[in-house]
Amino acid sequence: MDNQKLAALLFPNVTKTPDDYENIYPPRGLAEGVKVTRFAPSPTGFMHLGNLFSALIDKLAAGKDGVFYLRIEDTDKKREVDGAIDAALAGLAAFGVVPNEGMTGQETEKGAYGPYKQSKRADIYACYAKKLVEEGRAYPCFCTEEELAGIRARQEAEGANPGYYGKWAVWREKDLPAIEQALSEGKPYVLRLRSLGDENKKIFVNDLVKGKIEMPENTQDIVLLKTDGIPTYHFAHAVDDHLMRTTHVVRGDEWIASLPLHVELFSALGFKPPKYVHISPIMKLDGGNKRKLSKRKDPEAAVSYYIEKGYPAGGVAEYLMTLANSNFEDWRRANKDLPADDFPFNVKKMSPSGALFDEAKFEDICKNIISVMSADEVFEKTGEWAKQYDPELSALIEEDPEKFRNILSIDRDVPKPRKDIAAWSMVKDYLSYFYDSLFKIEDAMPQQLSDADINAVLDAYIAAYDENDDKDTWFQKLKDLCEPLGFKPNVKEYKKNPEAYKGHVGDVSGVIRVATTGRRNTPDLYYVLKYLGKDRVIARLNAAKK
Ligand code: GLU
C-alpha cells in the first residue's frame, strides 16, 4: 500500500506538517516540575460537582507558577447548548476556580497555545490524521451502519469481543484501488486507527492518585475522524494535550477504561504521554449505601444548585478542598485567615477512593464563613441573591433596608458569632419573625408554666417595658420581674432549690421570646425586641395571652 499516496488523496488540503505545529506551539519553557493542567468540558450547559472538583484540582496542581487553561471540547455538536462557555466560565468564577489561559468567553480566548475550542482546530487534527495515514497507522473505513450492525451480530453469535478490530476490521487490509473506488463513488467514510495492540500484552501507567494501573493493550481500530471529518474525543484530546503542552491530565476515573487506547494514541502520534490524575467520583450515602452523586437523582450534583441556594462562594471550594487533601482541615485550623490558595496542595495525597459528600460538614463550613462576615457584607450578598432568586425577600429588604441591615447586625462582629446561616436562602427563615407577613408561632412556651403564669409574666413585662431602655436597664428590669412572679433571677440559685420556684430568669425571658418571635432560640433578645419596635412587641405580647 502506498501510504503517501493514500494520505495525499484523503487530505489534499493539508499544507502544514507536524513539525510546523511543533514550532508554532513550542515547549513552554517552564521550570522543572511546574505543571500545565486543563479543564476540558463539553459545552452542554451542565456542570457536575465532580467537574468543578476536577477543575479545582487542576487549579491547585498548577499552583501559582503553573498554567491552568480552559479548553472547550465541542466535537459533539448535538449536545451543545447556546451560551454554555459563558455559563462554564461563570460557574468556575463563582467558586473562585479561574483558569489563567484558554477560553475567556463564547468566542474569546487568551494564550499562545490556542485555538482553545476544538471546533476551531480542524486543520490541526487533519494534519495529524494525515501523518498517521502516511505512517500506516490510520486508514479509511467505508462501512455503513448496517454493515457494522452485521459485524456486531456475527460477533455475538460467535461469542467474540465486540468492536472493530483484527479480522473484523474489514477495511483494515483493503488495497488502494478498493479505497479509490469507494472514494470515487462518494461513499462516506471514517478514519480509523490501525491498532498494533496485543490483548495478551499489558500497558502500565503510574497514575498519581490511583497508583500503578495495569491493563490489556488496546486492540480496537477506533474512529479518529468521523464521516464529517470531526475528530473523536480520543483523537482530539491527544493532539490538544500534546500541542498545548499539558503536563498533567486531571479527569474523572471513568476515563481509565480508555487509558489503553490513549496510551496507544500518544505513542502512534509520537507524543510523550502526560502524567495522569484520575479522580474518584464524589459519593453520597443513600439508604446506607454509597453511590455516585447522580445528575439525574441529586439536585446537589449540579454546580448551579449551590448558586441557586445561595451558598457562599468560598464555601463550596473550601469544602472541596477538604475532599482533595485530608490534611487541609488541620492546615485551615492553623491558618484561619490565609487564602486557600496558600495551602500546600499535593496531588499524591488525594484519596484513590471516592470521597463522601457530607452535607452537614459542608453547611458547617458555609456557616463559619458567613458567621465572620460583617453585617454589611451579609446584607449585600443576601440582597444580590434575593433579587434573582427570592422576590418576596427582595421586596422585604427594599421596604426598609436599614431595618434589614440592623437585624443582620445582631450578634455579629463579636468573639463568638452565631452560626445560623449556611446560605442566603436561609436568611428569610432566620429573620422571618421580624416581618408580620412571615411571623408564626413555631415553638411552645416553657412547658412547666400554666396559662395563668404565662399571662402574669406577659402583663408584668408589658407594664415594665420601655423601648428606650439600654441593655443593662432592660436586663435588670427583667430580673426585677422575677421574684414577685415567683421566679428566681439567678439560674444557679434556682437550680439549688427548683421546687421553690416557678422557674428562673431564662423562663421569664423565654415567655417573652416565644410571644414576640415564636421561637425558643433567637439572637440577643434585647436587640431583637429593639428592631421589632414597640408597637409590634406590645401587640405580640398581648396576642400571646392565653
Ligand atoms: N470533554 C471531556 C468531558 O467533558 C473531558 C475529559 C478530559 O478531561 O479529558 O468529559
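Higher on the page you've got the structure.
Residues numbered from 1 in each chain as written. Predicted model: local features only at pLDDT ≥ 70, side-chain atom pairs only at ≥ 80, totals over all residues. Heavy atoms only, no water.

Whether parallel or antiparallel, the strands of a sheet pair through hydrogen bonds between backbone atoms. The antiparallel open sheet is built from 3 strands, whose spatial order is 5-6-9. Two strands in the sheet have a free side with no partner beyond their single neighbour: strand 5 (138-141) and strand 9 (223-225). Going across the sheet, the axis of each strand differs from the next one's by a mean of 45 degrees, ignoring polarity. Note that strand 5 and strand 6 (residues 190-193) share 4 bridges and pair antiparallel. Paired with Cys141 across the two strands is Val190, which belongs to strand 6. (Pairing = 2+ DSSP bridges. Helix = DSSP H or I, 4+ residues; strand = E, 2+ residues; numbered from the N terminus. Axes fitted to C-alpha atoms, helices over the stretch in contact; angles between N-to-C directions.)

Tallied over the full model, the rule gives 3 cavities of 30 Å³ or more. Approximately 80 Å³ is the volume found for the largest cavity. Taken together, 13 residues line the largest cavity, and the ones lying closest to its centre are Arg412, Arg418, Lys419, Asp420 and Tyr430. It is helix 13 (residues 359-371) that contributes the most residues to the lining of the largest cavity, 3 residues altogether. The computed volume of the second largest cavity comes to approximately 50 Å³. Lining the second largest cavity are Tyr461, Ala464, Tyr465, Asp466, Asp469, Trp474, Lys477, Leu478 and Leu481. Listing elements by their share of the lining of the second largest cavity, those giving two or more residues are helix 18 (451-464) and helix 19 (471-485). Per-element tally for the lining of the second largest cavity: the top contributor is helix 19, with 4 residues. Split by residue class, the lining of the second largest cavity holds 6 nonpolar, no polar and 3 charged. (1 Å grid on protein atoms, 1.4 Å probe; cavity = no way out; pocket = protein on both sides within 12 Å on 5 of 7 lines; lining within 4 Å. Points joined across faces, edges and corners; volume = space filled by probe spheres on them. Nonpolar A, V, L, I, M, F, W, Y, C, P; charged D, E, K, R; others polar.)

What follows concerns the packing of helix 8 (residues 233-243) against helix 9 (residues 259-269). Axis separation between helix 8 and helix 9 bottoms out at 10 Å; the angle between their running directions is 55 degrees. One element, helix 8, and the other, helix 9, form an angle in the oblique class. The handedness of the crossing between helix 8 and helix 9 comes out as right-handed. Contacts between helix 8 and helix 9 involve Tyr233, His234, Phe235, His237, Ala238, Val239 and Asp241 on the former and, on the latter, Leu261, His262, Leu265, Phe266 and Leu269. When grouped by side-chain class, the residues that make up the contact of helix 8 with helix 9 number 8 nonpolar, 3 polar and 1 charged. (Parallel < 35°, antiparallel > 145°, perpendicular 65-115°, else oblique. Left-handed = near helix turned anticlockwise from the far one by under 90°. Contact = heavy atoms within 4.5 Å.)

Glancing now at helix 1 (residues 3-10). Every buried residue of helix 1 is listed here: Leu6, Ala7 and Leu10. All buried residues of helix 1 project into a common sector of 100 degrees when viewed along the axis, lining one side. (Buried < 20%, exposed > 50% of the residue type's maximum accessible area, 1.4 Å probe, protein only. Arc of directions from axis to C-beta.)

This part is about the pairing of strand 7 (residues 202-207). By the alternation rule, side chains of strand 7 split into Ile203, Val205 and Asp207, which are all buried, and Lys202, Phe204 and Asn206, of which none is buried. Looking at chain direction, strand 7 and strand 8 (residues 211-216) are connected through 6 bridges and run antiparallel. By the bridge assignment, Asn206 is partnered in strand 8 with Lys212.

Let's shift gears to the pairing of strand 6. Of the two faces of strand 6, the one lined by Val190 and Arg192 and the one lined by Leu191 and Leu193 are each fully buried. Across 2 bridges, the pairing between strand 6 and strand 9 is antiparallel. In the sheet register, Arg192 faces strand 9, and the bridge partner there is Val223.

In this fold, Pro484 is placed in helix 19. Counting along the chain gives 24 residues from Pro484 to Ala460, while the straight-line C-alpha distance between them is 9.6 Å.

Core analysis: the largest hydrophobic core is formed by 113 residues, its most contacted members being Leu52, Tyr128 and Phe235. Per-element tally for this core: the top contributor is helix 3 (residues 49-62), with 9 residues. With near-sequence residues (within four places) excluded, Phe235 lies in contact with Tyr125, Tyr128, Ala129, Leu132, Leu224, Leu225, Leu265 and Leu269. Grouped together as the second largest cluster of nonpolar side chains are 51 residues, Ala375, Val378, Leu396 and Phe434 included. (Core = buried A, V, L, I, M, F, W, Y, C linked by side-chain atoms within 4.5 Å.)

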